[in-house]
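Examination of the molecular architecture
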Amino acid sequence: MTLPPAASVHQSPVTFYNRWQAVNDWLARHQPLWRPIPFMEPAPAWIRDYPELAGWLEALDDHACEYL
């Protein structure tokens, strides 16, 4: 776990920390999706682990990619 940044002036420290912790936990759980260096592996491991996501992404047209 990493230390959270200083609390926002607009949120209580507890609320800010809880939100930060939730994001940190989500990123840690989903590292296989965002850690691989783009375009360095022709078929990253996440494609085998998440075939439905890979298929959905491959089906996107250029307009949808730009929108997202």
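Up top you'll find the structure we're talking about.
Let me begin by describing the structure that accompanies this report. Residues take numbers from 1 onward in each chain, read along the sequence in its written order. Local features in this predicted model are restricted to residues of pLDDT 70 or higher, and side-chain atom pairs are both shown and tallied only at a pLDDT of 80 or more, whereas totals for entire chains, interfaces and linings draw on every residue. The basis for the side-chain values is all heavy atoms of the structure; hydrogens and waters are excluded.

Quick look at the overall build of the chain
Each helix is a run of H or I in the DSSP string that is no shorter than four residues. Each strand is a run of E no shorter than two, and both are numbered from the N terminus. When you go through the chain residue by residue, the secondary structure sums to five helices and zero strands. With residues, only the protein chains shown are counted as cover, and all accessible areas are computed by Shrake-Rupley using a 1.4 Å probe. Only carbon and sulfur atoms are counted for the fraction: they give 63% of the accessible area of the chain, which is about 6,100 Å².

Quick word on a nonpolar patch on the surface
Residues Val23, Trp26, Leu27, Leu33, Trp34, Tyr50, Leu53, Trp56, Leu57, Tyr67 and Leu68 make up a contiguous nonpolar surface patch of roughly 1,100 Å² in combined accessible area. Going through the elements one at a time, helix H1 (13-29), helix H2 (31-34) and helix H4 (51-59) are the ones with two or more residues in the nonpolar patch. Tracing the backbone through its elements, the reader meets leucine 57 in helix H4. Like-charged residues are merged into a patch within 9 Å and nonpolar side chains (Val, Leu, Ile, Met, Phe, Trp, Tyr) within 5 Å, provided each residue has over 30% relative accessible area and no salt bridge. Any carboxyl oxygen of Asp or Glu that lies within 4 Å of a side-chain nitrogen of Lys or Arg is treated as forming a salt bridge with it.

Quick look at the layout of surface pockets
Grid points spaced at 1 Å over the protein atoms alone were grouped into cavities, where a 1.4 Å probe fits but cannot get out, and pockets, open sets with protein on both sides within 12 Å along at least five of seven lines, with lining residues defined by an atom within 4 Å of a point. Grid points are joined across faces, edges and corners, and a volume is the space filled by probe spheres set on the points. In this model, the largest pocket occupies a volume close to 380 Å³. For the largest pocket, the lining is made up of 16 residues, of which Pro38, Phe39, Pro44, Trp46 and Ile47 are closest to its centre. Ten residue types, Ala, Val, Leu, Ile, Met, Phe, Trp, Tyr, Cys and Pro, are classed as nonpolar, four, Asp, Glu, Lys and Arg, as charged, and the remainder, Gly among them, as polar. Of the residues that constitute the lining of the largest pocket, the class distribution is 14 nonpolar, no polar and two charged.

Considering H1
Expected span, for any helix, means 1.5 Å times one less than how many residues it has. For H1, built from 17 residues, the straight-helix expectation of 24 Å at 1.5 Å per residue is met to within 8% by its first-to-last C-alpha distance of 24 Å. Accessible area is worked out with a 1.4 Å probe on protein chains only. A residue is then buried under 20% of its type maximum, exposed over 50%, and partly exposed in between. Within the sequence span of H1, burial applies to Phe16, Trp20, Gln21 and Asn24. Seen end-on, H1 carries its buried residues on one side only, within an arc spanning 130 degrees. Residues of H1 that are exposed and angled more than 90 degrees away from the buried face: Val14, Arg19 and Arg29. Directions drawn from the helix axis to the C-beta atoms are what define this arc.

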